[in-house]
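Results of the structural survey
If you want the building blocks of each chain, they are given just below.
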Protein chains: 2
Amino acid sequence: MGNSHFIEQAITATAEAVEKALDRLLPQPEGLESRLLEAMRYAVFNGGKRLRPFLVVATADLFGVDKTRSLRVAAAIECLHSYSLVHDDLPSMDNDDLRRGKPTTHKQYDEATAILVGDALQSLAFEILASEKTHADPHVRIDLVRALAKAAGPHGMVGGQMIDIEADHMDLDMGGVSRLQQLKTGALICFSAEAGAILGKADDHRRSQLLAYARDLGLAFQIADDLLDHQGDPDVVGKAVGKDAEQGKATFVSLMGAERAQQQANMLADQAVSHLKDFGERAILLQGLAKFVVHRDF
Amino acid sequence: MGNSHFIEQAITATAEAVEKALDRLLPQPEGLESRLLEAMRYAVFNGGKRLRPFLVVATADLFGVDKTRSLRVAAAIECLHSYSLVHDDLPSMDNDDLRRGKPTTHKQYDEATAILVGDALQSLAFEILASEKTHADPHVRIDLVRALAKAAGPHGMVGGQMIDIEADHMDLDMGGVSRLQQLKTGALICFSAEAGAILGKADDHRRSQLLAYARDLGLAFQIADDLLDHQGDPDVVGKAVGKDAEQGKATFVSLMGAERAQQQANMLADQAVSHLKDFGERAILLQGLAKFVVHRDF
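Bear in mind that the values here come from a model prediction, so they are computed numbers and not experimental data. (Residues numbered from 1 in each chain as written. Chains lettered and ligands numbered in written order. Predicted model: local features only at pLDDT ≥ 70, side-chain atom pairs only at ≥ 80, totals over all residues.)

1. Notes on the overall build of chain A
For clarity, the cut-off: Counting from the N terminus, the helices are DSSP H or I runs at least four residues long and the strands are E runs at least two residues long. Values of the radius of gyration come from C-alpha atoms, whereas the globule rule sets the reference at 2.2 Å times the count of residues to the power 0.38. Backbone-placed C-beta atoms define the burial measure: a residue is buried with 20 or more other C-beta atoms within 10 Å of its own, exposed with 12 or fewer, and partly exposed in between. We call two residues in contact whenever the C-beta atoms placed from their backbones are within 7 Å.
What chain A contains, in helices and strands, is 15 helices and two strands. Here chain A has a C-alpha radius of gyration of 18 Å; the compact-globule value for 298 residues is 19 Å, and the two agree. When burial is assessed residue by residue, chain A has 55% of its 298 residues classed as buried. When contacts within chain A are restricted to residue pairs at least 6 apart in sequence, those whose partners lie at least 24 apart make up 71%.

What follows is the structure, encoded as structure tokens:
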């Protein structure tokens, strides 16, 4: 499909640009702590699709934000996201040996190094946001820091991971699974869209439209993720599949069935797009992204 | 000694005030993620002496900074410091079962929870600094965030922990041990003094005097710590002692011997105090702190 090809190209182009930014922003491996610096790069350059960076850049583009700025914020978010993957993969968490077909960081290095890699990537994310190079206006920078800290913290991503670990014996209903996912993956996806709005000094109305878009997008993304775990091809997905069912974990798919889950994901993608109508044609990339996340096969 | 009694009282009073601030700032355990929130409190309310908070508050006092502000920054630093202790104690790191006589967080809860507690406390530290309640001027807040991110990150505390883990097979000389400690404990101690200066909008000259004080203080503190591990009473220190020697780890004591190490610590404490002379009588607490850290028995 033409539209799908177009959005995939745009995602790839942004991924390349954000990886160049990350290469400049990640410290070069040298000195006594070089093992840590090398492992940070291993964890970040992991073949990810960089969907959160794409969301930042596409949202910031709506307001004509300079790309050097939006790419720095995109890189910060990717540092934070990469840290969360490294810690989630640890033996005491999800105990995954592979991510996108490559050994996870604790497999490639060791557990202690992987824990420190995550810790250092979180600090680096805030260091990038706080730099003058990210935005001349300190109000903008502190707004970014505050929003990321909230999205990442105990009532955000980390809280979601806590619920996910406990989910095995919590017997979550639909409300519980929604809350889990809104925290675990939704909070950082919402921040990605919000960050574009903050960089663009958007008014409250525009900001809340973009947040509403991101909320629906994040949920659609997660349902699609559950569907991939349920019926995906491990070679394409790049990690083990069927883990949720094996562990008896409540997911959107286990609660709704695959067919209804797919319908729900499509409905959420449409709803996400509907929040963009005030932006008109300029929001074409964000519209495309919403369709893309529910039809991806990885 | 009168002076030592005076400084201990001042440290205790600040510890009580910062614990009240922490109690307000840490989320209340509720909701599906309550296990995380409860464990965060367990990790932070650990009977620590709160020396870094004391350093923040005493430095900020030199510039007449409002206590509600300096106590918030002190609480943020203590969140960050507590996170580092929780992660350092993990089985794949130092593998400690006790801290100040109580089970470490992964012993009291479990490893996954302890990792998430550390992650969430780091986010919370930045969230506290970014809040308007910490300072009305966003320049001040972003300056605090930038300095903490740097002190905590790959060329700061986490880099130091990486070197510490590798130290067993790196055969560090005095330069290596100094670098390790300047990163692992020195960076956050320097930030604590710097934070007071930032809150007080100190000029560059004053700021660098306080940083010079903190650098010497941090090194004196660490040498005293090595001495405690070498010859301390485990019941007073509150954790196992003699671990460094057992692991054949290079420390200031193993490289210099206990007697010279004690002389070096005293010399550094005197040198730290000498950087404060421009502040006159007002710096009496910081002077007392320098003496205190080399004569403590815990």
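2. Remarks on the interface of chain A and chain B
Put simply, the rule is: In the scheme used here, Gly and all other residues not listed as nonpolar or charged are polar, with Ala, Val, Leu, Ile, Met, Phe, Trp, Tyr, Cys and Pro taken as nonpolar and Asp, Glu, Lys and Arg as charged.
In this complex, chain A contributes 45 residues to the contact, which on the side of chain B involves 45 residues. When residues of the side of chain A that touches chain B are traced back to their parent elements, those giving at least two are helix H2 (34–44), helix H6 (111–130), helix H7 (138–152), helix H8 (157–166) and helix H9 (174–199) of chain A. Considered class by class, the residues forming the side of chain A that touches chain B number 24 nonpolar, eleven polar and ten charged.

3. Brief notes about the environment of Gly257(A)
Residue and element names in this part refer to chain A. Along the chain, the position of Gly-257 falls in the loop between helix H13 (252–256) and helix H14 (258–274). The exposure class assigned to Gly-257 is exposed, which follows from the 12 C-beta atoms found within 10 Å. Separated by 30 residues in the primary sequence, Gly-257 and Leu-227 place their C-alpha atoms 9.4 Å from one another.

4. Some words on the packing of helix H3 (residues 51–61) of chain A against helix H4 (residues 67–88) of chain A
Residues and elements named next belong to chain A. Convention followed: An axis is simply a line fitted to the C-alpha atoms; with a helix, the fit covers only the stretch in contact. Between two such axes, the angle follows the N-to-C directions and lies from 0 to 180 degrees. The cut-offs work like this: below 35 degrees is roughly parallel, past 145 is roughly antiparallel, 65 to 115 is roughly perpendicular, and the gaps in between are oblique. Should the near helix be turned anticlockwise from the far one by less than a right angle, the crossing is termed left-handed; should it be turned clockwise, right-handed.
Following both chains from N to C, one finds H3 and H4 inclined at 155°, their axes separated by 8 Å at the closest point. The angle between H3 and H4 falls in the class roughly antiparallel. Crossing hand, H3 versus H4: right-handed. Of H4, the residues touching H3 (which contributes Arg-52, Pro-53, Val-56, Val-57 and Ala-60) are Ser-70, Leu-71, Val-73, Ala-74, Ile-77, Glu-78 and His-81. Its residues assigned to classes, the contact of H3 with H4 shows eight nonpolar, two polar and two charged.

5. Comments concerning the nonpolar core
Put simply, the test is: Here, a nonpolar core denotes buried Ala, Val, Leu, Ile, Met, Phe, Trp, Tyr and Cys residues that are linked to one another through C-beta atoms within 7 Å.
Judged by nonpolar contacts, the single largest core of 207 residues is most densely connected at Val145(A), Leu148(A), Ala220(A), Val145(B), Leu148(B) and Ala220(B). Once you skip the residues sitting within four places of it in the chain, Val145(B) turns out to touch Phe126(A), Ala130(A), Val145(A), Phe126(B), Leu129(B) and Ala130(B).

6. Some points on the relation of the copies chain A and chain B
Note the cut-off: The atoms used to superpose the copies are C-alpha atoms, taken from residues with pLDDT of at least 70 in both, and the fit is least squares.
After a rotation of 180° and a shift along the axis of 0.0 Å, chain A superposes on chain B with an RMSD of 0.0 Å. Taken together, the rotation and translation describe the operation of a two-fold axis. Of the residues that chain A buries at the interface, 100% are likewise interface residues in chain B, meaning the two copies contact each other through the same surface.

7. Brief notes about the environment of Gln28(A)
All names here are of chain A. Relative to the helices and strands, Gln-28 is located in the loop between helix H1 (2–25) and H2. Judged by C-beta crowding, with 10 C-beta atoms within 10 Å, Gln-28 ranks as exposed. Residues Gln-28 and Met-40, spaced twelve residues apart in sequence, show a C-alpha to C-alpha distance of 9.9 Å.

8. A word on the environment of Ile142(A)
With respect to the helices and strands, the residue Ile142(A) is situated in helix H7. Exposure remark for Ile142(A): the 29 C-beta atoms within 10 Å place this residue in the buried category. Between the C-alpha atoms of Ile142(A) and Leu188(A), which are 46 residues apart in sequence, the distance is 17 Å. With sequence-adjacent residues up to four places away left out, Ile142(A) is seen in contact with Ala130(B), Pro138(B), Arg141(B) and Ile142(B).

9. Considerations on the packing of helix H8 (residues 157–166) of chain B against helix H9 (residues 174–199) of chain B
The relative placement of two packed helices is expressed as an angle between their axes plus a distance between the axes. Residue and element names in this part refer to chain B. The geometry of H8 relative to H9 is characterised by a closest axis approach of 7 Å and an angle of 145° between their N-to-C directions. Relative to H9, H8 is oriented so that their crossing is left-handed. Only Leu-180, Leu-183, Lys-184, Ala-187 and Leu-188 of H9 make contact with H8, whose side of the interface consists of Met-157, Gly-159, Gly-160, Gln-161, Ile-163 and Asp-164. Here the residues of the contact of H8 with H9 are counted per class, giving six nonpolar, three polar and two charged.

10. Points about H14(A)
Residues and elements named next belong to chain A. Put simply, the test is: Multiplying 1.5 Å by the residue count of a helix minus one yields the expected span of that helix. By definition, the arc is the one covered by directions from the helix axis to the C-beta atoms.
For H14, which comprises 17 residues, the first-to-last C-alpha distance of 24 Å matches the rise-based estimate of 24 Å (1.5 Å per residue) to within 8%. Those residues of H14 that fall on the buried side of the exposure criterion are Ala-261, Ala-265, Leu-268, Ala-269 and Ala-272. The arc that holds every buried residue of H14, seen down its axis, measures 100°, which confines them to one face. Each element contacted by the buried residues of H14 is listed here: helix H10 (204–231), H13 and helix H15 (284–295).

11. Quick notes on unusual backbone geometry
Positive phi outside glycine occurs at Arg50(A), with the angle close to 60°. Secondary-structure assignment places Arg50(A) in the loop between H2 and H3. In this structure, Asn95(B) is a non-glycine residue whose phi angle is positive, near 55°. Tracing the sequence through the fold places Asn95(B) in the loop between helix H4 (67–88) and strand S1 (98–99).

12. Remarks on the confidence of the model for chain A
Which entries qualify depends on this criterion: The score called pLDDT rates the predictor's confidence residue by residue, from a low of 0 to a high of 100.
Overall, the predicted model of chain A reaches an average pLDDT of 94, with 95% of residues at or above 70. This complex was scored by the predictor with a pTM of 0.96 and an ipTM of 0.96.

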